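# Structural overview for review
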Amino acid sequence: MQKTALLSIAVVAFLVTAAIAQSEPEPAWRASALALVPAGFVAGEAYRTTDMTGYLAVYPASANDPKSPASVFAARQELVVRLDKDEKRALSAELKPRSDATRGNRDTTMTDPDGQESGFAKSHAELAAKRATLPEGTEPCSLGAWSEDRDPGGLNVRAEPSVKSRVLGTLPPPYRLKMGGSENTPEDGWLTEFRIIGFKDGWFLIEGATPPGKEYEDEKKYPRNAPKPYAGRGWVAANKVGANYANGGTRMGGLFQAPFADAKWTQAMRKLGGPLDTDGGPKRLFACSGYWGLVESQDGVRGWWRSLCSSQVTNCS
């Protein structure tokens, strides 16, 4: 009885906290502060107000441009806004370096959104520490993905991020295996999955490719003559790569202008309608930075989504 009561209290507390978080309005001063945002920057969330000073997250306007994607590892800036005595109107503002943690999204199901951001900050620091193990100029990433190349010859995996570079091996095209009716093969065939560990100039650095569909089929019946992908490290063209959205602990229903949870957020839709979530994947995957992917949604919105996966049978919630 006592355990049941405690559980009920915990559930109610969670629901109340979630309701408050989701209804949290933006501060009144943000609207007037937008006119003070310097050219070349885009305003994000107004994340703190204290002692007649407001703090506005800002990111470069080019942050979601595939030709110059932002980096989650780069130094950030903030707009420090001087407010009137009622803290409702912006009087002046100054762009300054930013060192504090990203504020977590309040309109999520996460019980500790700030803790979620701290966790990802630690994970990104660990990725940054591995930069030296990657080719020079490579942006560290950690995402699940697959090959979308339908070419019968497969997708070339190259030694360098260039079409002129040596081909190390290939990733098979969609594989439609037959196992006497016991197979689970999708209509379009199984895709070859791998991990993205880096990005540079329109190319993804990948490793760990697995035989198409092998982990979803009966291993004892999986054909020995099934195509075997090149499983080592190499580069593939970004326009031949796809993935599914996974739950990265940020606001659902849209994409961020930069790879940070307090960047400007724009609503986006799924392929079959409804707000964007972990059901399905993007139309295009352009670039990556850490655990973030720069994508284009099925309805044409371009922005950043945190966490992508390669599961072909379930969503990655």
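Residues numbered from 1 in each chain as written. Predicted model: local features only at pLDDT ≥ 70, side-chain atom pairs only at ≥ 80, totals over all residues. Heavy atoms only, no water.

### As for the overall build of the chain
- When helices and strands are counted, the chain shows three helices and 18 strands.
- In terms of principal-axis extent, the alpha carbons of the chain reach across some 75 × 60 × 35 Å.
- Excluding contacts between residues fewer than 6 apart, the proportion of contacts in the chain whose partners are at least 24 apart in sequence is 63%.
- Accessible area of the chain: about 16,300 Å², with a carbon and sulfur share of 51%.
- Both charge centroids of the chain, one from 39 positive and one from 37 negative side chains, sit 3 Å from each other. (Helix = DSSP H or I, 4+ residues; strand = E, 2+ residues; numbered from the N terminus. Contact = heavy atoms within 4.5 Å. Areas by Shrake-Rupley, 256 points an atom, 1.4 Å probe, with all protein chains shown as cover. Lys, Arg positive; Asp, Glu negative; His and termini not counted. Charge placed at Lys NZ, Arg CZ, Asp CG, Glu CD.)

### A short note on the nonpolar core
- One finds Leu171, Phe194, Ile196, Phe204, Val236, Val241 and Leu308 to be the most contacted residues of the largest nonpolar core, which totals 43 residues.
- The element contributing the most residues to this core is strand S15 (residues 284-289), with four residues.
- The residues contacting Ile196, other than those within four sequence positions of it, are Cys141, Ser142, Leu143, Ala145, Phe204, Leu205, Ile206, Val241, Leu285 and Cys288.
- In terms of nonpolar packing, the next biggest core, distinct from the first, is built from 11 residues, Trp29, Val37, Ala43 and Ala90 among them. (Core = buried A, V, L, I, M, F, W, Y, C linked by side-chain atoms within 4.5 Å. Buried < 20%, exposed > 50% of the residue type's maximum accessible area, 1.4 Å probe, protein only.)

### Brief notes about the pattern of salt bridges
- Under the definition given, this model contains 12 salt bridges.
- A salt bridge links Asp262 to Arg98; its shortest N-O distance comes to 2.8 Å. With Asp262 in the loop between strand S13 (254-256) and strand S14 (265-267) and Arg98 in strand S4 (residues 90-98), this residue pair connects regions lying 164 residues apart in the sequence.
- By relative accessible area, which is 8% here, Arg98 ends up buried.
- The network of salt bridges with common partners includes Arg48, Arg98, Asp100 and Asp262. (Salt bridge = Lys/Arg side-chain N within 4 Å of Asp/Glu carboxyl O.)

### What about the state of the cysteines?
- Following the criterion strictly, the structure yields two disulfides and no others.
- Note that Cys141 is cross-linked by a disulfide to Cys288, the S-S spacing being 2.1 Å. On the sign convention where negative is left-handed, the bridge of Cys141 and Cys288, at about 90 degrees about the S-S bond, is right-handed. One end of the pair, Cys141, is in strand S5 (residues 139-147); the other, Cys288, is in strand S15, with 147 residues separating them in the sequence. Comparing Cys141 with Cys288, the two get one shared label, buried.
- Cysteine pairing in the chain follows 1-2, 3-4, where each cysteine in a disulfide is numbered by its order in the sequence. (Disulfide = S-S within 2.5 Å.)

### With respect to the environment of Asn64
- Relative to the elements of secondary structure, Asn64 occurs in the loop between strand S2 (53-60) and strand S3 (76-83).
- Residues within four places of Asn64 in sequence aside, it is in contact with Gln257, Leu294, Arg302, Gly303 and Trp304.

### A few points about the pairing of strand S9 (residues 203-207)
- Here S9 lies mainly inside the structure; four of its five residues are buried.
- Relative to S9, strand S8 (residues 193-200) is paired through five bridges, and the arrangement is antiparallel. Paired with Gly198 across the strands is Leu205, a residue of S9.
- Note that S9 and strand S10 (residues 234-237) share four bridges and pair antiparallel. Following the sheet pairing, Ile206 is matched in S10 by Gly234. (Pairing = 2+ DSSP bridges.)

### Remarks on the pairing of S15
- Along S15, five of the six residues are buried, which leaves the element largely enclosed by surrounding structure.
- For S15 and strand S16 (residues 292-296), the ladder comprises five bridges, and the chain directions are antiparallel. For Arg284, the partnering residue across the bridge sits in S16 and is Glu296.
- Between S15 and the antiparallel strand that follows it, S16, lie two residues; Gly290 among them carries a positive phi value of about 60 degrees.

### Things to note about the sheet that holds strand S1 (residues 41-50)
- Taken together, four strands build an open sheet; the order of strands is S1-S2-S3-S4 and the sheet is antiparallel. Two strands lie at the open edges of the sheet, namely S1 and S4, each paired on one side alone. Put simply, the sheet's adjacent strands are angled 25 degrees from each other on average, direction ignored.
- The pairing of S2 with S3 spans six bridges and is antiparallel. In the sheet register, Thr53 faces S3, and the bridge partner there is Arg82. (Axes fitted to C-alpha atoms, helices over the stretch in contact; angles between N-to-C directions.)

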